[in-house]
Amino acid sequence: MPKAKKRILHVDDERDVLEVVKTILENEGYEVVSVSSGDRALKEVDVNNFDLLLLDIMMPDMSGWDLFSRISKIKPKYKVIFLTVLEISDERLDKLKQHGIMDYITKPFERDELVSRVKKVIAS
Amino acid sequence: MRIQYKLFINTLVSLVLISFLYVSVFTTTNIISDQEKEHVLASDIQTAVFELNLLLNEYLLHREDRVLEQWNTRHHSGLLLLNKIGTDNRNQDFVRDIRAEYLLLDDLFQKEVENYHYELTLTEEQASAETLGLVTALQERIISQLLITSQSVSSAAQSLEELTYEQTQAAIEQNRILTLLLVLSFFVLTTIISVIVSRSIVKPLLNLEKAVTKFGKGKLDTKIDIQSKDEIGHLASSFNDMATKLEELNKLKDDFLNTATHELKTPLIPIKSQAQLLLGGDYGKLNKKQKNAIEMIARNGDHLNDLVSDVLSITKIRSRKIRLILEEADLGQIISDAVNDMQSIARNKQIDITLSHAENLPLLVIDTKRISEVMHNLLDNSVKFTPEGGRVDVDVSRTQNNVRVTVTDTGIGMDKKTLKKLFTPFFQADSEITRRYGGTGLGLSIAKGFVVSHGGKISAKSAGLGKGSAFTFTLPLKKNLHKPTK
Ligand SMILES: Nc1ncnc2c1ncn2[C@@H]1O[C@H](COP(=O)(O)OP(=O)(O)OP(=O)(O)O)[C@@H](O)[C@H]1O
Ligand SMILES: [Mg+2]
């Protein structure tokens with residue numbers, strides 16, 4: 001067991017989703033901070049460091065895209081995975097890849113897929 | 001200006017031109033007929049003079065009183081003709097001269113008659129040689145004058161006749177040229193006006209047509225640049241309004257589809273994940289019954305998720321919302337990947353899947369994801385509807401313009417009625433197997449939507465129930481993209 005656990009910030013407006021993702025990833029040995037809105041996420045990013053961001057896209061007050069571009073202003077080069085119900089077009093993904101290490105997972109996801117993608121992006 | 005007015009003015013101008021043309025032709029024809037009348041009079045006069053000449057000669061030969069009477073009537077009627085002729089100014093002098101000579105002719109004739117009668121009344125003794133000589137001399141002089149005058153009157157009458165004939169011919173010629181010119185300029189003018197009017201109508205119509213065609217092809221942000229203020233202008237602005245509305249509606253529908261997907265799928269996330277956590281033993285070991293129950297929950301959750309995806313795919317296909325991500329791809333590879341994915345399920349049913357494909361297939365410009373989905377749907381059906389121990393053969397071949405993929409199975413097959421309805425959404429043949437395996441009846445309609453949006457075709461064949469089925473789809477070799485139909 002490594003001493004310093006990797007820290008993941010998960011932002012999603014659905015509490016149930018936050019809960020299952022937290023359980024799955026904590027069982028894999030990550031430390032997961034779950035917040036349910038973009039504003040809270042910004043506050044967290046302000047004071048803490050994370051190894052990975054997991055962002056939902058369709059959220060009521062601030063979309064995942066907006067949140068990402070605002071976080072980029074505070075801390076560029078964050079590693080990000082979007083967790084989204086809607087598919088992201090390839091063009092859009094290409095553009096976003098220029099900003100950080102990007103990936104996206106469509107929900108509902110397979111547990112194994114989530115874990116392996118997270119591992120891969122953090123390791124990169 | 002409104003088209004109605006434009007057309008009205010066009011017609012009006014044409015009508016005015018036509019009436020002008022008519023009046024002009026009418027007038028010139030009138031001129032001709034005047035000329036002709038003059039000519040007829042002139043030839044009548046000529047005849048009269050000719051007859052008078054005959055009468056004169058007859059009288060001089062026979063000295064009959066009957067001839068005298070005829071002369072008088074003929075001369076009188078000739079005079080009437082001479083009074084009528086000469087409406088044309090050019091001929092007036094001429095006519096005056098002829099008239100004078102004509103009158104002179106009569107004078108001389110009357111004198112001659114008088115003289116002759118006088119000669120008759122002379123008594124024997126009066127008729128001395130001297131007197132007789134005088135009378136005879138006078139008579140000779142009168143007769144010679146008479147003959148000269150009659151000669152010159154005839155030649156004058158003839159000249160007049162010729163002159164009026166020439167004038168008539170000239171008028172006819174002139175009239176012909178004039179009419180020709182008028183008709184020509186009428187055509188030129190009306191053509192010019194019609195062209196101007198129709199252009200001003202047709203040009204905005206063409207603009208409109210172009211925009212509508214573009215709009216029909218799915219460019220919903222098409223707008224028409226409105227220049228005319230006529231009915232077409234109104235139509236164009238109505239079109240613009242409609243386009244704006246449709247664009248809004250379309251956006252609304254896109255938003256709705258996205259929201260619906262999101263809302264329908266979100267509850268499935270924790271269902272699936274919790275089931276996986278439970279099955280993974282994260283919350284402690286499960287007994288067999290618990291495991292079965294959770295598996296059932298998970299399976300049905302997955303099924304519901306597929307259903308939502310399928311329904312939304314169909315909605316998107318139907319509203320032509322499919323956006324293909326096209327790139328050069330190796331169809332052979334896509335197909336063998338799909339076959340490999342299917343192998344484990346097939347093996348469980350002891351079904352053999354074989355793949356044969358033609359060598360040197362060219363790269364195709366296709367959407368890899370969609371085509372794999374098509375393949376996956378076809379293979380899924382074949383394995384699903386083929387009993388244990390059967391076989392599924394996949395064949396890829398090349399025709400002149402297409403690549404053709406055929407999936408043949410030895411499964412339950414289908415009757416003609418089923419074949420017809422196969423590609424309609426939610427259709428499932430009411431068989432035991434469909435009920436047992438579930439499914440939504442959307443797989444083939446989605447496959448069709450994708451194939452058609454690539455410009456290809458899909459079809460099915462079966463010799464009947466229990467006799468296996470074959471599904472074939474084609475993809476064009478050339479990048480030849482069509483919008484999906486319906
Ligand atoms: N290979 C086949 N052999 C016999 N019948 C078939 C075959 N493929 C399709 N069918 C018939 O056509 C119907 C429609 O097929 P389709 O793939 O659209 O739906 P499904 O397989 O029932 O459900 P889904 O694909 O959405 O899970 C099937 O239910 C079945 O009755
Ligand atoms: Mg199917």
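About the criteria used
Residues numbered from 1 in each chain as written. Chains lettered and ligands numbered in written order. Predicted model: local features only at pLDDT ≥ 70, side-chain atom pairs only at ≥ 80, totals over all residues. Heavy atoms only, no water. Helix = DSSP H or I, 4+ residues; strand = E, 2+ residues; numbered from the N terminus. Buried < 20%, exposed > 50% of the residue type's maximum accessible area, 1.4 Å probe, protein only. Contact = heavy atoms within 4.5 Å. Areas by Shrake-Rupley, 256 points an atom, 1.4 Å probe, with all protein chains shown as cover. Near = heavy atom within 4 Å. Polar contact = N/O pair within 3.5 Å; in protein donor to acceptor, adjacent residues only side chain to side chain. Nonpolar A, V, L, I, M, F, W, Y, C, P; charged D, E, K, R; others polar. Salt bridge = Lys/Arg side-chain N within 4 Å of Asp/Glu carboxyl O. pLDDT = per-residue confidence, 0-100. Pairing = 2+ DSSP bridges. Axes fitted to C-alpha atoms, helices over the stretch in contact; angles between N-to-C directions. Core = buried A, V, L, I, M, F, W, Y, C linked by side-chain atoms within 4.5 Å.

Engineer: Can you tell me about the overall build of chain B, naming the residues and giving the values?
Structural biologist: A tally of regular secondary structure across chain B gives 12 helices and seven strands. Within chain B, the fraction of its 486 residues that count as buried is 38%. Looking at chain B alone, contacts between residues at least 24 apart form 74% of all its contacts between residues at least 6 apart. Here chain B has roughly 28,900 Å² of accessible surface; of this, 58% comes from carbon and sulfur atoms.

Engineer: With reference to specific residues and values, describe the site of ligand 1.
Structural biologist: Residue and element names in this part refer to chain B. Close to ligand 1 lie 20 residues; Asn381, Asp409, Gln428, Thr440 and Leu444 are nearest. A distance of 3.0 Å is found between an oxygen atom of ligand 1 and a side-chain nitrogen or oxygen belonging to Lys384. Contacts to ligand 1 include Gln428, whose side-chain N or O atom sits 2.7 Å from an oxygen atom. Within the complex, the protein chains bury 95% of what would otherwise be the 590 Å² of accessible surface of ligand 1. At the level of elements, helix H9 (368–384), helix H12 (443–453) and strand S7 (469–476) are the ones that each hand at least two residues to the shell around ligand 1. Grouping the amino acids of the shell around ligand 1 by side-chain chemistry returns eight nonpolar, 10 polar and two charged.

Engineer: Run through the pattern of salt bridges, naming residues and quoting values.
Structural biologist: All names here are of chain B. Per the stated rule, a full pass over the model turns up 19 salt bridges over all chains. Ionic pairing is found between Glu112 and Arg63, a salt bridge with its closest N-O pair at 2.4 Å. With a gap of 49 residues between them, Glu112 in helix H3 (residues 92–121) and Arg63 in the loop between helix H1 (3–62) and helix H2 (65–84) connect regions that are remote in the sequence. Comparing Glu112 with Arg63 shows no difference in burial state: the two are buried. A salt bridge links Arg391 to Asp393; the nearest nitrogen and oxygen atoms lie 2.6 Å apart. With relative accessibility at 36%, the residue Arg391 sits in the partly exposed group. For Asp393, a relative accessible area of 24% corresponds to the partly exposed category.

Engineer: Explain the confidence of the model for chain B residue by residue, including any values.
Structural biologist: All names here are of chain B. Mean pLDDT over chain B: 87, with 95% of residues reaching 70 or higher. Across residues 480–486, confidence stays below pLDDT 50; counting only partners more than four residues off in sequence or on other chains, it has 16 contacts. Quick note on the complex model: pTM equals 0.56, ipTM equals 0.87.

Engineer: How would you explain the sheet that holds S7(B) if you had to name every residue and give the values?
Structural biologist: Residue and element names in this part refer to chain B. Pairing is mixed in the open sheet, where five strands are placed in the order S2-S4-S5-S7-S6. Either end of the sheet is taken by a strand with one partner, and the two such strands are strand S2 (352–357) and strand S6 (457–462). Averaged over all pairs of adjacent strands, the angle between strand axes in this sheet comes to 15°, irrespective of strand direction. Packing against the sheet, H9 makes contact with S2, strand S4 (391–398), strand S5 (402–409), S6 and S7, and its axis sits at approximately 20° to S5.

Engineer: Which residues make up unusual backbone geometry, and what values go with them?
Structural biologist: The step from A:Lys107 to A:Pro108 runs through a cis peptide bond, and the omega angle for that step is -5°. You can see A:Pro108 is positioned in the loop between strand S5 (102–106) and helix H5 (111–123). Although it is not a glycine, B:Arg63 sits at a positive phi angle of roughly 55°. In this structure, B:Phe426 takes a positive phi of about 70° despite not being glycine. Residue placement: B:Phe426 occurs in the loop between helix H10 (416–421) and helix H11 (432–437).

Engineer: How would you sum up the nonpolar core? Please name residues and give values.
Structural biologist: Residue and element names in this part refer to chain B. By size, the foremost hydrophobic cluster in this structure holds 43 residues, and its most contacted members are Leu331, Met375, Leu379, Val394 and Phe473. The element that contributes the greatest number of residues to this core is helix H8 (residues 331–348), accounting for seven residues. Apart from the residues lying within four places of it in its own chain, the contact partners of Leu379 are Ala338, Val339, Met342, Val392, Val394 and Val407. Listed in part, the 28 residues of the second largest apolar core include Ile45, Leu52, Tyr59 and Val95.

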